[in-house]
Amino acid sequence: MKPVDPFPKLLHAFFYEWMVQQRNASAHTVRSYRDTWRLFLRFVAQRRRRTVAQLILADLTAQEVSAFLHYTEQERGDTIGTRNCRLAGLRSFFGFVAGREPTAIAQCAEILLIPTKRAPIHAPCYLEPEEVKAILAQPDRTTIEGLRDHALLSFLYNTGARIQEALDVSRRQSVSTRLPVCAFTAKAERTAVPAVAGNGVPAQIAAPTEPRAADEPIFVNRYGVPLGASGVRSNCRNMSKRQPRSCRAWRRST
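Note that the coordinates shown come from a computational prediction; the quantities given were computed from them, not determined experimentally.

(A) Structural view of the overall build of the protein. When its secondary structure is counted, the protein shows 11 helices and two strands. Looking at the protein as a whole, 39% of its 254 residues qualify as buried. Of the roughly 15,500 Å² of accessible surface on the protein, 52% is carried by carbon and sulfur atoms.

What follows is the structure, encoded as structure tokens:
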């Protein structure tokens, strides 16, 4: 009987047993590693002329990892930071495999030796107060969507939260229309921190006329679906085109 390749079970155990149960990794880290593996498996499958389901552990060599990292930079146009994040997701898995599958230790060791790439250090990008005012003036606050966009931009500016952290905020997390304070959970599930969110979240956003559960996100689109980070970035870029003074700095920051 042909032996069953351990790769599918190892990948499942890595995500569901190792990352979630043992390491208690944040949802952001799990999503990042998942996206890395989705891209990597598609890349290897194309090079091997197979389907993803036909790949085996022996196909995932150090040469394939190096080629994938080169592809992310040269063809996808990812930054060095993104390239290093992809490598971290792959190395974490093969470090896990080394302890579970002794016959693959040599293969894992070669991948674990692939170094991270040093990225140039850039001067921090920031916006002047006048630019921030110009940005906050862009949304049309006579509409619900404009109120939402203004509240979201104010929240991001005053709290320093990442986009996804802001989008995950719900009514349950102490958002008040009178006292604009919100406790949200930052990266890696750290203890929630209090943050002043500008002029607060407008009543139309925090307490919508349509029923919504207390644990559902506040910032949703016209159909009631939670906003996505990519959609917010696209909206910011579109608004920056209408504001020449802050266009360059805002585009870099988003």
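(B) Quick look at the pattern of salt bridges. Considering all chains together, one arrives at 12 salt bridges under this definition. We note a salt bridge from Asp59 to Arg50, for which the minimum N-O separation is 2.5 Å. Overall, Asp59 belongs to the buried group, its relative accessible area being 4%. Here Arg162 makes a salt bridge to Glu165, at a shortest N to O gap of 3.0 Å. Overlapping salt bridges bring together Arg47, Arg48, Arg50, Asp59 and Glu64 as one network.

(C) Looking closely at helix α7 (residues 144-159). Across its 16 residues, α7 extends 22 Å between first and last C-alpha, which sits within 8% of the 22 Å expected from 1.5 Å per residue. Restricting attention to buried positions, one finds in α7 the residues Gly146, Leu147, Arg148, Asp149, His150, Ala151, Leu152, Leu153, Ser154, Phe155, Leu156 and Thr159.

(D) Focus on the side chain of Asp59. Tracing the sequence through the fold places Asp59 in the loop between α2 (27-48) and α3 (62-74). Of note is the side chain of Asp59, whose polar atom sits 2.5 Å from the side chain of Arg50. Ignoring sequence-local partners within four residues, the contact set of Asp59 consists of Val44, Arg48, Arg50, Gln54 and Glu64.

(E) Region of the structure containing the environment of Glu64. Of note, Glu64 is situated in helix α3. In the structure, Glu64 is positioned 23 residues away from Leu41 in sequence and 10.0 Å away in space, judged by C-alpha atoms. In this view, Glu64 contacts Phe40, Phe43, Val44, Arg47, Arg48 and Asp59; residues no more than four positions away in its chain are not counted. Polar contacts involving the side chain of Glu64 include one to the side chain of Arg47, which spans 2.7 Å.

(F) Structural context of the packing of helix α6 (residues 129-136) against α7. The N-to-C vectors of α6 and α7 enclose an angle of 155°; their axes lie 10 Å apart at closest approach. For the element pair α6 / α7, the angle class is roughly antiparallel. Residues Val132, Ile135 and Leu136 of α6 form the contact with α7, whose participating residues are His150, Leu153, Ser154 and Tyr157. Across the contact of α6 with α7, the residue classes break down as five nonpolar, two polar and no charged.

(G) Structural view of the confidence of the model for the protein. In this model, the protein carries a mean pLDDT of 80, and residues with pLDDT of at least 70 account for 76%. Segment residues 188-199 is flagged for pLDDT under 50; beyond a separation of four residues in sequence, or across chains, it makes 29 contacts in the model. Every residue in residues 244-254 is under pLDDT 50, and counting partners more than four places away or in other chains gives 21 contacts.

(H) Broad picture of unusual backbone geometry. In this structure, Asn24 is a non-glycine residue whose phi angle is positive, near 55°. Positionally, Asn24 belongs in the loop between α1 (7-22) and α2. By relative accessible area, which is 57% here, Asn24 ends up exposed. The phi dihedral of Arg49 is positive, around 60°, even though this residue is not glycine. Note on placement: Arg49 falls in the loop between α2 and α3.

(I) Broad picture of the environment of Leu136. Relative to the elements of secondary structure, Leu136 occurs in helix α6. Separated by 103 residues in the primary sequence, Leu136 and Met239 place their C-alpha atoms 9.9 Å from one another. When sequence neighbours within four positions are dropped, the list of residues in contact with Leu136 reads His150, Leu153 and Ser154.

(J) Looking closely at the environment of Val30. Note that Val30 resides in helix α2. Of the residues examined, Val30 reaches a relative accessible area of 22% and is grouped as partly exposed. Excluding its chain neighbours within four sequence positions, the residues that come into contact with Val30 are Phe15, Met19, Val20 and Ala25.

Calculation rules
- Residues numbered from 1 in each chain as written.
- Predicted model: local features only at pLDDT ≥ 70, side-chain atom pairs only at ≥ 80, totals over all residues.
- Heavy atoms only, no water.
- Helix = DSSP H or I, 4+ residues; strand = E, 2+ residues; numbered from the N terminus.
- Buried < 20%, exposed > 50% of the residue type's maximum accessible area, 1.4 Å probe, protein only.
- Areas by Shrake-Rupley, 256 points an atom, 1.4 Å probe, with all protein chains shown as cover.
- Salt bridge = Lys/Arg side-chain N within 4 Å of Asp/Glu carboxyl O.
- Expected span 1.5 Å × (residues − 1).
- Polar contact = N/O pair within 3.5 Å; in protein donor to acceptor, adjacent residues only side chain to side chain.
- Contact = heavy atoms within 4.5 Å.
- Axes fitted to C-alpha atoms, helices over the stretch in contact; angles between N-to-C directions.
- Parallel < 35°, antiparallel > 145°, perpendicular 65-115°, else oblique.
- Nonpolar A, V, L, I, M, F, W, Y, C, P; charged D, E, K, R; others polar.
- pLDDT = per-residue confidence, 0-100.

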